[in-house]
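One letter stands for each residue in the lines below.
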Amino acid sequence: MIQVTLPDGKVLDLPADSTGYHVAAAIGPGLAKAALAAEVEGEVVDLHRPLPGSCRVRLITERDPESLELLRHSAAHVLATAVRRLRPDAQIGFGPAIDEGFYYDFGVEEPFTPDDIEAFRSEMEAVIEADFPFERRRVDKPEARELFSDDPLKLERLEEFDDDEVITVYRDGPFLDLCRGPHVPSTGHLKHFELLSAAGAYWRGDERRQMLQRIYGTAFHRKKELAAHLERLEEAKRRDHRVLGRELDLFTTDARVGSGLILWQPAGSVIRNEIEEYEKELIIRHGYDIVYTPHMVSEKLFEISGHLENFKENMFGAVEVEGTRYRPKPMNCPGHICIYQAAQRSYRELPIRYAEFGTVYRYERSGVLHGMLRVRGFTQDDAHVFCTEEQVPAEIHALLDLVDEMLTTFGYPYSIELATRPEKALGSEEVWDRSIAVLREVLEERELDYTVDEGGGAFYGPKLDFKLIDAIGRNWQGPTVQLDFNLPERFGIEYIGDDNERHRPVMLHRVLVGSMERFVGGLIEHYAGAFPLWLAPEQVRILPISEQFSEAAQAYVEELREAGIRAELADRETLGYRIREAELRKVPYMGVMGEREVEDGTVAVRRRGEGKKQDVLDRTVFLERLLQEIEDRALA
RNA sequence: GCUCCGGUAGCUCAGUGGUAGAGCGCUUCCUUGGUAAGGAAGAGGUCGAGGGUUCAAUUCCCUCCCGGAGCUCCA
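Residues numbered from 1 in each chain as written. Chains lettered and ligands numbered in written order. Predicted model: local features only at pLDDT ≥ 70, side-chain atom pairs only at ≥ 80, totals over all residues. Heavy atoms only, no water.

### A word on the overall build of chain A
Counting secondary structure elements, chain A contains 20 helices and 33 strands. Referenced to the eigenvectors of the C-alpha coordinate spread, the extents of chain A come out at roughly 85 × 75 × 55 Å. Across the 636 residues that make up chain A, the buried fraction comes to 50%. Long-range contacts, defined as pairs at least 24 residues apart, comprise 67% of the intrachain contacts of chain A with a sequence gap of at least 6. Roughly 31000 Å² of accessible area belongs to chain A as shown, and the carbon and sulfur atoms make up 48% of that amount. Taken together, the 80 basic and 117 acidic charged side chains of chain A have centroids lying 3 Å from each other. (Helix = DSSP H or I, 4+ residues; strand = E, 2+ residues; numbered from the N terminus. Buried < 20%, exposed > 50% of the residue type's maximum accessible area, 1.4 Å probe, protein only. Contact = heavy atoms within 4.5 Å. Areas by Shrake-Rupley, 256 points an atom, 1.4 Å probe, with all protein chains shown as cover. Lys, Arg positive; Asp, Glu negative; His and termini not counted. Charge placed at Lys NZ, Arg CZ, Asp CG, Glu CD.)

The following block contains the structure:
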C-alpha cells in the first residue's frame, strides 16, 4: 500500500501499483471521468502512469490551465496520426503545443494544399472517433533507433539524447512518436479543434536546413471557447492596420519608394503629429532637452560606437563623398553622445536628458517586413539620460512615472519585465549586480509587479521592458529602459565631479512609443481605427439636412476650426448616405443641422457608433465639450 | 534571405490562348433629402515589369519587382 496526499491534505491508502486514475476513482466517479492527467510531486504525468510510491497527487481536469497544453500537444499527435495515415511518406518533425494552439512539422516532397489540410482535418475526426489511448513506453536508444528507422528527423533528434537519459515514445493507434509527454488519456478527449494555416518552416529553425511544412491548429475543451478564439482571430483580422490604414487613408507604401518605407498620408500624419506634440509637452515637463541629429553620418562614428562591429548586418550601406564614407544611422545614441561631448560637463549639469524623434534606417530581410509594424525606416522617440550612479534610482522613478502617464493616456494596461545579465556581457559582474539591484529596488519600492527575464539583457546592460496589452488582449512591445555600460566607455564620456576629478557618467537609453510607425500601427489595431477625439484625423463632421442650410453649417465649421477643431462639412447626397459615410470613416462626432437647429442656434450631435441616440446642443456648448474632451485626451 | 500563395479599374474581386467584367468609389445631371447606401448617365485598365513560346499572351514558360502566410530576426 502507498499513501497518496491530496492537495487538501487528505491522505488515501491505495495499492502499490495505483495510477492517477485510481486516485481519481477513489475520490469519486465524476472525477475519474473528468481527470486528464495527474500532477505527481509537482510534475504533470499521464493519468495512467503508475505512481512512484507514496506521494502528493493533484488531479488535472479541464478546469486546470495546464490541461489546455496537454490537450493541444495531444492534438498535434492526432494531426500527425491523420497526416501519416493519408501521407505515409511524410517525415515527422516536431509537434509541440504553443501559446494559442499547436503545430506539427512534416517533411514532404510537395507542400500541402488547402485540400490536403481539409482532408487531414476530416481524418483527425476519424482518429478522434477511434478514441485511441495514448500509450507511453520507455525505450532505450537502440530500440528507439529501430522504431524510428524510417524517420530521419526523429533519428537526428534521438542522437542528441545522452545514453543514460530517459527516452519515451507515445503511441496512439497507428502512430508512434518520440515524445516526452504527457498526454491526455486518449484521442477521444480532443473534441474541439481547428486547423488554421500551413506554411514552410525550417527544420529546427535553421535556414540552412531542410524546409518542412508546418500546420498550425488550435484546440479547446469547450466548443464555446474554440468559437470565441476563432472569433478573436476574426476580430484581429478586422483590426488589421494595413486594411484600416488604407480604408482610412492613414498611410501607404509605394513600390517606387521601396519596401519597408512608410508614406504617412495626411490623416495618419495628424495622428502621429498629435502623439509627438503630446509627448514633447510631456518630456519637456519631465526635464528633457529636445535635440536634432543628422540622418547620415560619417562611418567613423559607428566605428567608435561599435555599431559597425556589432550591428553591421542591420545597417544600410555606405555612400562615399569626398573620400568619407557616410551611413544612414541605425540608432540615435552616438549623435546624442557627441552633443554631450560638445562641452565639458560638470556634475552640476547632471542629469542631462536628450530627446529626439530620431529617424533611423535598418536593413531588415524582406521576409520580415510587415505593414507599419516592421519596416526599414522608422522614427524612434529616443532619449538618452546621462547621470551619476547615485542619480540612477531617481531617474528610473521618473521614467516609470513617464511610462505610466503615457500608457494610461492611450488606454494600454501593461506588464513589466526585468532583463538581467546575459552569458556574453560587457562590464564587471559587480556593476551588473548593482545595476540590477537598483532596478529591482525601484520596482519593489513602487510595489510594481514584474517578471524577470533571466539573461535577457543586452550585452551592454540590463533593461526594463514594458509590454502593452491591447484591446483584444494581445501583447505589444512597449517602452524600454536600458542601462548602458558600453558606450560611455567607448566614447570616453566624462563629467567633472565635486571632487574636481573626471568621472564617467551612467547612460540610460529609453524609448516610450519605440517606433512611431509600429506604435501608430498598433494603435490603429488597438482602437480598431476609431481613434479617441484628440487623435482623430477628422473630429467633427457637420451635416446640413439640405443644401439650403449649407451656408449656416459652413459657418459653424469655420467657427469650430477657428477654435482648433478638425471639422469638415458634408453636404452632398442624402443625409442617410452621409451619416453612413461618417460612421464608416469613424469620425467621432456628427453634427446635424436642419431648420430647427439653424433657427435655435443648436446642433443635433450624434456620437460615432451610438446610432440614433443624439443630443441637441447649443453650438457653443458643443464646442466647449469638444475642447474639454480633447484637453482631457479622453479615451471614450 | 528561404518555402509556398498571390498581383486584372482608386478599392474589393470575377474572368479568358483571339487585347476585359462586376460592386463600391470618382465625374456630370436629376433629386433638396431629419439620422447607416435616392435615381440616371459617363469617365476610368500598356491585366505588376521585362523577356520567351505562339499566327496570336492578361492567360503558358523564365527572370525580376511588389504583397501575403510562415521560418529566422526585431523598434
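On we go.
### With respect to the confidence of the model for chain A
Scored by pLDDT, chain A has a mean of 93; 100% of the residues are at 70 or more. This prediction of the complex comes with two scores: 0.92 for pTM and 0.93 for ipTM. (pLDDT = per-residue confidence, 0-100.)

### Quick look at the protein's contact with RNA strand B
As a structural note, the neighbourhood of RNA strand B is formed by 53 residues, with Y202, R374, I545, S546 and R580 the closest of them. In RNA strand B, atoms within 4 Å of the protein come 47% from sugar and phosphate. Between a base nitrogen of RNA strand B and a side-chain N or O atom of S515, the distance comes to 3.5 Å. One of the backbone N or O atoms of R596 is found 3.4 Å from a base oxygen in RNA strand B. For the surface near RNA strand B, the secondary structure elements donating two or more residues are β12 (192-202), β13 (211-220), α8 (241-247), α18 (575-584), α19 (595-600) and β32 (602-607). For the surface near RNA strand B, the leading source of residues is α18, giving 7 residues. (Near = heavy atom within 4 Å. Polar contact = N/O pair within 3.5 Å; in protein donor to acceptor, adjacent residues only side chain to side chain.)

### Let's talk about the nonpolar core
If you look at the biggest cluster of nonpolar residues, it comprises 62 residues, and the most contacted ones within it are I275, I396, F410, L464, L523, F531 and L535. When residues of this core are assigned to their parent elements, the largest contribution, 9 residues, is made by helix α13 (residues 392-410). Contact partners of L535, with chain neighbours within four places excluded, come to V270, I271, E274, I275, F410, L523, Y527 and R566. (Core = buried A, V, L, I, M, F, W, Y, C linked by side-chain atoms within 4.5 Å.)

### Some points on the sheet that holds strand β11 (residues 175-178)
Taken in spatial order, the 3 strands make up an open sheet running β9-β10-β11, and their pairing is antiparallel. At either end of the open sheet lies a strand with only one pairing partner, and these are β9 (134-139) and β11. Across the sheet, the axes of successive neighbouring strands diverge by a mean angle of 25°, strand direction being ignored. Two strands pair when backbone bridges link them, and strand β10 (residues 167-172) and β11 are joined in this way by 4 bridges, in the antiparallel orientation. By the bridge assignment, Y170 is partnered in β11 with D177. Across the sheet, helix α3 (residues 66-86) touches β9, β10 and β11, and the angle it forms with β11 is around 130°. (Pairing = 2+ DSSP bridges. Axes fitted to C-alpha atoms, helices over the stretch in contact; angles between N-to-C directions.)

### Description of the pattern of salt bridges
All chains considered together, the criterion is met by 56 salt bridges. Note that E41 and R56 form a salt bridge whose closest N and O atoms lie 3.3 Å from each other. Of the two residues, E41 sits in the loop between β3 (37-40) and β4 (43-46) while R56 sits in strand β5 (residues 55-60), which places them 15 residues apart along the sequence. Its relative accessible area of 48% is what places R56 among the partly exposed residues. (Salt bridge = Lys/Arg side-chain N within 4 Å of Asp/Glu carboxyl O.)

### Here we look at the pairing of strand β29 (residues 540-544)
With 5 of its 5 residues buried, β29 lies for the most part within the structure. Burial along β29 is two-sided: the face carrying V540, I542 and P544 and the face carrying R541 and L543 are both buried. Across 3 bridges, β29 lies against strand β30 (residues 567-569) in parallel orientation. For V540, the partnering residue across the bridge sits in β30 and is A567. Alignment of β29 against strand β31 (residues 589-593), held across 5 bridges, turns out to be parallel. Note that in β31 the partner of L543 across the bridge is V592.

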